[in-house]
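Coordinate inspection notes
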Amino acid sequence: MTDTTAARHLPTHTLGSTENGTLLEVGAVGLGCMGMSAFYGATSGEGSTTDETSIATIHRALDLGVTLLDTADMYGPHTNERLVGRALRSSGVARDDVVVATKFGISRAGASAGDRTIDGRPEYVRQAVDGSLQRLGLDHIDLYYQHRVDPDVPIEDTVGAMAELVQAGKVRHLGLSEAAPETVRRAHAVHPLTALQTEYSLWSRDVEAQILPTLRELGIGLVPYSPLGRGFLTGTISSVDGLTEDDYRRTNPRFVGDALDANLALVAQVRALAAARGITAGQLALAWVLAQGHDVVPIPGTKRVRYLEENVAAAAVELAPEDLAALDAVLPAGAAAGDRYLDMSPLNG
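Report on the accompanying structure. Bear in mind the structure is a predicted one, so any value in this text is a computation, not a measurement. (Residues numbered from 1 in each chain as written. Predicted model: local features only at pLDDT ≥ 70, side-chain atom pairs only at ≥ 80, totals over all residues. Heavy atoms only, no water.)

Describing the overall build of the protein
Helix and strand counts for the protein come out as 10 helices and 11 strands. Relative to the compact-globule value of 20 Å for 349 residues, the protein shows a C-alpha radius of gyration of 19 Å, a close match. Dimensions of the protein along its principal axes, counting C-alpha atoms only, are 50 × 45 × 45 Å. Looking at the protein as a whole, 56% of its 349 residues qualify as buried. Surface exposure of the protein reaches about 14,300 Å², of which carbon and sulfur atoms provide 50%. For the protein, the distance from the average position of its 29 positive side-chain charges to the average position of its 44 negative side-chain charges is 3 Å. (Helix = DSSP H or I, 4+ residues; strand = E, 2+ residues; numbered from the N terminus. Rg over C-alpha atoms; globule rule 2.2 N^0.38 Å. Buried < 20%, exposed > 50% of the residue type's maximum accessible area, 1.4 Å probe, protein only. Areas by Shrake-Rupley, 256 points an atom, 1.4 Å probe, with all protein chains shown as cover. Lys, Arg positive; Asp, Glu negative; His and termini not counted. Charge placed at Lys NZ, Arg CZ, Asp CG, Glu CD.)

So, helix α2 (residues 79-89)
Residues that lie three or four places apart on an α-helix share one face, since the helix turns once every 3.6 residues. Taken as a whole, α2 has its buried residues at Asn80, Glu81, Leu83, Val84, Gly85, Ala87 and Leu88. The elements touched by buried residues of α2 are α1 (51-63), β4 (68-70), β5 (99-104) and α3 (122-136). (Contact = heavy atoms within 4.5 Å.)

Description of the side chain of Glu81
Relative to the assigned elements, Glu81 resides in helix α2. Look at Glu81 and you get buried, because its relative accessible area is 0%. Among the polar contacts made by the side chain of Glu81, one reaches the side chain of Arg135 at a distance of 2.7 Å. (Polar contact = N/O pair within 3.5 Å; in protein donor to acceptor, adjacent residues only side chain to side chain.)

Quick look at the packing of helix α7 (residues 257-277) against helix α10 (residues 321-330)
Orientation of α7 relative to α10, taken along the N-to-C sense of each, is 165°, at an axis distance of 10 Å. Classified by the interaxial angle, the pair formed by α7 and α10 is roughly antiparallel. For the crossing formed where α7 meets α10, the hand is right-handed. Contacts between α7 and α10 involve Leu266, Gln269, Val270, Leu273 and Arg277 from the first element and Asp323, Ala326, Leu327 and Val330 from the second. Tallied by class, the residues present in the contact of α7 with α10 amount to six nonpolar, one polar and two charged. (Axes fitted to C-alpha atoms, helices over the stretch in contact; angles between N-to-C directions. Parallel < 35°, antiparallel > 145°, perpendicular 65-115°, else oblique. Left-handed = near helix turned anticlockwise from the far one by under 90°. Nonpolar A, V, L, I, M, F, W, Y, C, P; charged D, E, K, R; others polar.)

Description of the packing of aromatic side chains
A ring pair, where both rings are aromatic, is described by two values, the distance of the centres and the angle of the planes. Inspection of the entire model under this criterion finds five aromatic pairs. An angle of 15° between the planes, with centres 5.0 Å apart, marks the rings of Trp203 and Phe232 as stacked. Of this pair, Trp203 sits in the loop between β10 (195-199) and α6 (211-218) while Phe232 is found in the loop between β11 (221-225) and α7, placing the two residues 29 residues apart along the sequence. Here the two residues Trp203 and Phe232 agree in accessibility, since each one is buried. Pairing Phe232 with Phe255 gives two aromatic rings, centres 5.3 Å apart and planes at 85°, and the pair type is edge-to-face. Here Phe232 is found in the loop between β11 and α7, whereas its partner Phe255 is found in the loop between β11 and α7, with 23 residues between them in sequence. Taken as a pair, Phe232 and Phe255 share a single burial class, namely buried. (Phe/Tyr/Trp six-rings, centres within 6.5 Å; stacked < 30°, edge-to-face > 60°.)

Some words on the nonpolar core
By size, the foremost hydrophobic cluster in this structure holds 85 residues, and its most contacted members are Leu31 and Ile58. The contact partners of Ile58, leaving out residues within four places of it in the chain, are Leu31, Cys33, Met36, Leu69, Val84 and Ala87. Leu68, Ala101, Leu143 and Ala195 belong to the second-largest nonpolar core, a separate cluster that totals 14 residues. (Core = buried A, V, L, I, M, F, W, Y, C linked by side-chain atoms within 4.5 Å.)

A closer look at the environment of Glu156
With respect to the helices and strands, Glu156 occurs in helix α4 (residues 155-167). Here the alpha-carbon distance between Glu156 and Val296, two residues 140 residues apart in the chain, equals 25 Å. Discounting residues that sit within four places of it in the chain, Glu156 has contacts with Arg186 and Val190.

Digging into the environment of Pro154
Topologically, Pro154 is positioned in the loop between β8 (141-146) and α4. Along the sequence, Pro154 and Ala313 sit 159 residues apart, while their C-alpha atoms lie 42 Å from each other.

Description of the sheet that holds β10
The strand order β3-β4-β5-β8-β9-β10-β11 describes an open sheet built from seven strands, whose pairing is parallel. Looking at which strands have only one partner, the edges of the open sheet turn out to be β3 (31-32) and β11. In terms of strand pairing, β10 meets β11 through five bridges, oriented parallel. Paired with Gln197 across the strands is Val223, a residue of β11. (Pairing = 2+ DSSP bridges.)

In structure tokens:
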């Protein structure tokens, strides 16, 4: 890191609550590290990225007050955790000043990226955490999520094993990812949860109906991933033609066919609203997520410093009631065309 004394500009948001002892204060904007190693394809030519570029982005994030770094064992697989670990060791930032979140529960044992199994068995939980600790080079994980709920293993068994990790000092806080309200309640009864991670953005607002009220009743924070709609809400994607062949968005239902055309029309309106404010469409979309509450910490992902800085600057954008009303009119819940994923079945736990 080139500047360890840089002023930290981000306000903080809080996951969890003091009532159940799960309080975790982090910078209002986190950094999703997945795309540095997986799923969005390799880049080439101008703007290409390497591990060094990604590490520089992580270092700059820490400079700016981003304290929540999000990864998972299945990103790569395994390579993203190693990358985050390398970045931390070379950052010059004290360990207690960084909140590292990782996940277990999706095994990519096959040769293909599509060869995945969901595993919530207690013995797998214990095996997975040791692997993550070794790859990250850490003695504890600050926030440990079950990446997807295993329909074949009672959530009480999985979270019971996760609770043992807290008792052993390997993990500080627990979370789930893409879990249904009743599953969240059952898990929280075994051991208090600090956060639920799920997709939430202007074009993915399903959580507002049942999930978000449940979290607030129980004192659990929300960590939205893909708060910029996998980059679509930035207004910079007009077709999949500019994406690399191995970018999974090429087959995402919202990026193809008639759904693409319908969603482009929606984003054009977001861009117009952003232009009227003198900010980018991505900053407006991210400011909207941040405006949903101080218990909400989005984790936009990027490989490059300039986009990171743009995202962090969104935390300074204050939206008036009329701004929020205008965005609600453009993108009410359910407005986006197409499913979030090609296969929605693993998201119903």
